[in-house]
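# Results of the structural survey
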Amino acid sequence: MTGFGPIVAVTIATPELQSAIDAWRLYLGYELADHDRLTPAMAAQFGRPGLAGRRYALMLPGGEGQTWVRFIEGRPDPAYRPFRHMGWNAAELMVQDTDRAAAQVADSPFRVIGPPADLSISDKIRAMQAIGPASEAIYLTSFKEKIAAFDVPDAKHFIDRVFIVILGGPSCEAVGAFYSKHFGVPPAKTTPSVITVLSAAHGLPADTRHPLAALALAGQCYIEVDAMPAGTLERTPAPGELPPGISMVSFLVDRLPEDPALDWLAEPRTLPQAPYHGRRTAVCIGPAGEWIELVERE
């Protein structure tokens with residue numbers, strides 16, 4: 001098994017911090033675990049020194065666990081549309097019952113873009129998709145029974161932790177090769193799959209099949225790589241800002257790779273705040289322009 005993973009945090013750029021906190025607390029059951037302002041060292045970690053002083057918040061499902069959702073205040077990008085850009089497309093949360101979760105987020109700040117449905121790859125997996133107040137896309141997914149091919153966590157809370165992050169890239173093969181070469185993630189088979197929210201965003205028929213690969217990580221986590229359709233836009237951050245929507249995903253690693261071929265935003269540093277807790281960390285950019293934050297285990 002790879003030493004890359006599990007997912008430590010999903011960072012979301014939000015134009016208004018309190019509305020994001022309220023939405024995730026009231027409708028997803030996440031609790032505020034920490035909040036503060038970015039220190040100069042934290043802002044430098046992202047290669048964005050001007051972000052120092054911006055407010056941020058860390059939330060956990062039911063206030064428990066080690067997989068955080070982190071909101072950082074940022075200026076909105078009116079051009080950003082979920083699933084229309086390369087990079088981190090969505091965060092997938094394990095839930096106990098997808099249909100009940102859909103009822104829970106009805107008439108809420110979350111806009112449902114995909115009602116509950118069984119997946120094309122297995123009728124034992126049921127999922128729905130929604131867009132949150134910070135233009136963050138989320139999947140709420142439940143397993144009707146255990147599937148041998150997928151090592152996934154049980155949902156302790158009704159809506160539990162992020163266990164999959166969805167990455168839109170130029171091809172499954174190119175993205176898989178990058179994570180295999182630099183982080184030791186095992187290669188995964190590419191499977192044509194129906195992804196209705198991706199098709200809808202690009203004006204394609206709902207039954208269009210897109211190449212998909214599930215990269216297995218440590219800690220019962222995955223990166224789902226979706227090969228993006230022709231016409232997909234790059235996700236270019238505004239000067240001094242984080243990428244819009246899901247800005248970056250953080251992963252535990254045994255050690256930060258000393259790899260000059262990686263596109264690092266800044267030198268590694270040790271940060272005392274959560275989710276780092278005094279561990280070394282650094283951010284690099286992946287093959288789809290995605291920001292990858294690495295945090296050492298010890």
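Report on the accompanying structure. Given the structure is predicted, the values throughout are model-derived calculations rather than measurements. (Residues numbered from 1 in each chain as written. Predicted model: local features only at pLDDT ≥ 70, side-chain atom pairs only at ≥ 80, totals over all residues. Heavy atoms only, no water.)

### Here we look at the layout of surface pockets
- Roughly 770 Å³ of internal volume is contained in the largest pocket.
- Sorting elements by how many residues they give to the lining of the largest pocket places strand β6 (residues 111-118) first, with five residues.
- The residue inventory of the lining of the largest pocket, partitioned by class, reads 21 nonpolar, eight polar and four charged.
- In this structure, the second largest pocket spans a volume of roughly 170 Å³.
- What lines the second largest pocket is a set of 17 residues, and nearest its centre among them are Pro-15, Pro-76, Asp-77, Ala-134 and Pro-244. (1 Å grid on protein atoms, 1.4 Å probe; cavity = no way out; pocket = protein on both sides within 12 Å on 5 of 7 lines; lining within 4 Å. Points joined across faces, edges and corners; volume = space filled by probe spheres on them. Helix = DSSP H or I, 4+ residues; strand = E, 2+ residues; numbered from the N terminus. Nonpolar A, V, L, I, M, F, W, Y, C, P; charged D, E, K, R; others polar.)

### Overview of the packing of aromatic side chains
- Following the criterion strictly, the structure yields 12 aromatic pairs and no others.
- Geometrically, the ring pair formed by Trp-24 and Phe-110 is edge-to-face, given 6.2 Å between the ring centres and 65 degrees between the ring planes. Residue Trp-24 is found in helix α1 (residues 17-28), and its partner Phe-110 is found in the loop between α3 (98-105) and β6; the two are separated by 86 residues along the sequence. You'll find Trp-24 and Phe-110 in the same group, each marked buried.
- Between Phe-178 and Tyr-179 the ring centres are 5.3 Å apart and the planes differ by 75 degrees, which places this aromatic pair in the edge-to-face class. (Phe/Tyr/Trp six-rings, centres within 6.5 Å; stacked < 30°, edge-to-face > 60°. Buried < 20%, exposed > 50% of the residue type's maximum accessible area, 1.4 Å probe, protein only.)

### Structural notes on the nonpolar core
- The biggest cluster of nonpolar side chains holds 75 residues, and the ones touching the most others in it are Phe-4, Trp-24, Tyr-179 and Ile-223.
- Here this core gets seven residues from one element, more than from any other, and that element is strand β9 (residues 159-169).
- The contacts of Trp-24, once residues within four sequence positions are left out, are Ile-12, Gly-29, Tyr-30, Met-59, Val-69, Phe-71, Leu-93, Phe-110, Glu-136 and Ile-138.
- Counting residues in each nonpolar core, the second largest holds 22 residues, with Leu-60, Leu-242, Tyr-276 and Trp-291 among its members. (Core = buried A, V, L, I, M, F, W, Y, C linked by side-chain atoms within 4.5 Å. Contact = heavy atoms within 4.5 Å.)

### Comments concerning helix α4 (residues 172-183)
- Taking 1.5 Å per residue as the helical rise, α4 with its 12 residues ought to reach 16 Å, and the 16 Å between its terminal C-alpha atoms agrees with that figure.
- Among all positions in α4, only Cys-172, Val-175, Gly-176, Phe-178, Tyr-179, His-182 and Phe-183 are buried. Down the axis of α4, the buried side of the element spans an arc of 155 degrees, and every buried residue falls inside it. Facing away from the buried side of α4 by over 90 degrees, the exposed positions are Glu-173 and Lys-181.
- Among the residues trailing α4, Gly-184 stands out with phi positive, at a value near 75 degrees. (Expected span 1.5 Å × (residues − 1). Arc of directions from axis to C-beta.)

Just distances and angles here, no functional claims.
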